[in-house]
Amino acid sequence: MSKPLDGIKVLELGQLIAGPFATKMLAEFGAEVIKIEPPGTGDPLRKWRLLHEGTSVWWASQSRNKKSVTLNLHEPEGQDVIRRLVADADVIVENFRPGTLEKWNLGFDALKQINPRLIMLRVSGYGQTGPYKDLPGFGVVGEAMGGLRHLSGEPDRPPVRVGISIGDSLSALHGVIGVLLALRHRDQFNGAGQVVDVALYESVFNMMESTIAEYSVFGQVRQPAGSSLPGITPSNAYRCADDKYALIAGNGDSIFKRLMSLIGRDDIGEDPAFQYNDGRSKQADYIDGVIGQWTAQHTLDQVLEQLHAHRIPGGRIYDAADIAKDPHYHARQMLIDGELEDGTPVTLPGILPKLSETPGDVRRRAPVLGQDTEQVLEQLGIDAATRDDWKARGII
């Protein structure tokens, strides 16, 4: 079955999370992704988090479907290989500090002279322009500057981070969107490539809903609110009789009435003061207290059973063990079988988004370091003697 990105060739010069996560998604939908890694060490992600036989199990997910080519980009020969690969590439993805590629004469202005159709996705902490562009920026910095970190945690306590690299992943998603838009424009209109400039802090900021509008009109700075959702009521985590928490989102007007009827408080559900969200939000603590009194009388399973029976959104807090055994995850193919380098079975995240006619897939497992170097260089016409020389000199 054909894939949406069949025939699209992508060069990945990035490392760790943001750039490589973007190319992972492109590869799952048919793009040929050639990942460039430093000889000897490779992408640092190979050594991040929990390791199996010296390699991160994260690597199996992040780099599936990709080819691995080792190149020392600090050397002229390595830079020349990139230029040769760019000649028939559609997309190049990089997440170095701005100016790094230009230092190697591999910036967009130079590469578009070789291939005017080239699209370059550039992911950085602060973007390619502006007073902060030269500062180093990881996902944690983007999450803070974008406004997310300020809202994470409980009131009057230090802010906490989300337990994953959400800033990098959000940037990767914005990068994929940008690449697809640029491909569409190139192929439907003038045939020219362009730069997709993604900043970590901007990708986070794009998720911040009404925070800046509220500040500009009311001078109000939204504050952390723990498990509740300020201004949207009721939406919170409520302790149950077995000390587990039920997440209940009863903030739709009709849903709220059904929730109040379920817990035996039709008086609140029919009260005009609580008919709409703005009225409910003025007395959020009171409403949360009423709901909490009800959940405290039942176990989590009992609460969820009753919520679902009355068409009220509710759920439990999942950890990895909960996800691994959940039938819905399995039914939706969000947990798929994979293999590590030595053939050890591993469960990996499924593929998103889900397309009915041209779904993404996993065609090959994550490569060992430099697995495809010889093949790719040979296809470029670089002979065996030269390859042996480069290997001896640490260029590949």
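Heads up: these notes are all about the structure in this document. (Residues numbered from 1 in each chain as written. Predicted model: local features only at pLDDT ≥ 70, side-chain atom pairs only at ≥ 80, totals over all residues. Heavy atoms only, no water.)

**Concerning the overall build of the protein chain**
Okay, so step 1: For the protein chain, the helix and strand inventory stands at 19 helices and 13 strands.
Okay, so step 2: Overall size of the protein chain, expressed as C-alpha extent along the three principal axes, is 85 × 50 × 40 Å.
Okay, so step 3: The 396 residues of the protein chain split such that 44% are buried.
Okay, so step 4: Taking the contacts inside the protein chain whose residues are at least 6 apart along the sequence as the reference set, 66% of them involve residues at least 24 apart.
Okay, so step 5: For the protein chain, the accessible area works out to roughly 20,200 Å², and carbon and sulfur atoms hold 54% of it.
Okay, so step 6: Each charge class in the protein chain was averaged separately, 42 positive and 52 negative side chains, and the resulting centres sit 2 Å apart. (Helix = DSSP H or I, 4+ residues; strand = E, 2+ residues; numbered from the N terminus. Buried < 20%, exposed > 50% of the residue type's maximum accessible area, 1.4 Å probe, protein only. Contact = heavy atoms within 4.5 Å. Areas by Shrake-Rupley, 256 points an atom, 1.4 Å probe, with all protein chains shown as cover. Lys, Arg positive; Asp, Glu negative; His and termini not counted. Charge placed at Lys NZ, Arg CZ, Asp CG, Glu CD.)

**A short note on the packing of aromatic side chains**
Okay, so step 1: This structure, assessed with the given rule, holds six aromatic pairs.
Okay, so step 2: Between the aromatic rings of F96 and W104, the centroid separation amounts to 5.5 Å while the plane-to-plane angle is 80 degrees, which identifies the pairing as edge-to-face. Accessibility assignment for this pair places F96 and W104 in one class, buried.
Okay, so step 3: Seen in terms of ring centroids, Y318 and Y329 are 6.4 Å apart; in terms of plane orientation they differ by 40 degrees. Their pairing is tilted. Remark: Y329 occurs in helix α17 (residues 327-331) and Y318 occurs in the loop between β11 (314-315) and α16 (320-325); sequence separation between them is eleven residues.
Okay, so step 4: Overall, the relative accessible area of 37% leaves Y318 in the partly exposed class. (Phe/Tyr/Trp six-rings, centres within 6.5 Å; stacked < 30°, edge-to-face > 60°.)

**Quick word on the sheet that holds β11**
Two pairing modes exist for strands in a sheet, parallel and antiparallel, and in both the strands are linked by backbone hydrogen bonds.
Okay, so step 1: Taken together, three strands build an open sheet; the order of strands is β9-β10-β11 and the sheet is antiparallel. Unpaired on one side and paired on the other, β9 (235-239) and β11 mark the two borders of the sheet.
Okay, so step 2: Examined bridge by bridge, strand β10 (residues 245-249) and β11 share two bridges and lie antiparallel to one another. For I248, the partnering residue across the bridge sits in β11 and is G314. (Pairing = 2+ DSSP bridges.)

**Side note on a nonpolar patch on the surface**
Okay, so step 1: On the surface, F205, I212, Y215 and V221 cluster together into a nonpolar patch covering about 390 Å² of accessible area.
Okay, so step 2: Looking at the element boundaries, V221 is found in the loop between α10 (211-218) and β9. (Patch = residues over 30% accessible without salt bridge, like charges linked within 9 Å, V, L, I, M, F, W, Y side chains within 5 Å. Salt bridge = Lys/Arg side-chain N within 4 Å of Asp/Glu carboxyl O.)

**Comments concerning the environment of F96**
Okay, so step 1: Along the polypeptide, F96 turns up in the loop between β6 (91-94) and α4 (100-103).
Okay, so step 2: According to the relative accessible area criterion, F96 is buried, its value standing at 17%.
Okay, so step 3: As a C-alpha pair, F96 and P230 span 134 residues in sequence and 37 Å in three-dimensional space.
Okay, so step 4: In contact with F96, other than residues within four places in its own chain, are L13, L101, W104, V123 and S124.

These figures capture arrangement, not role.
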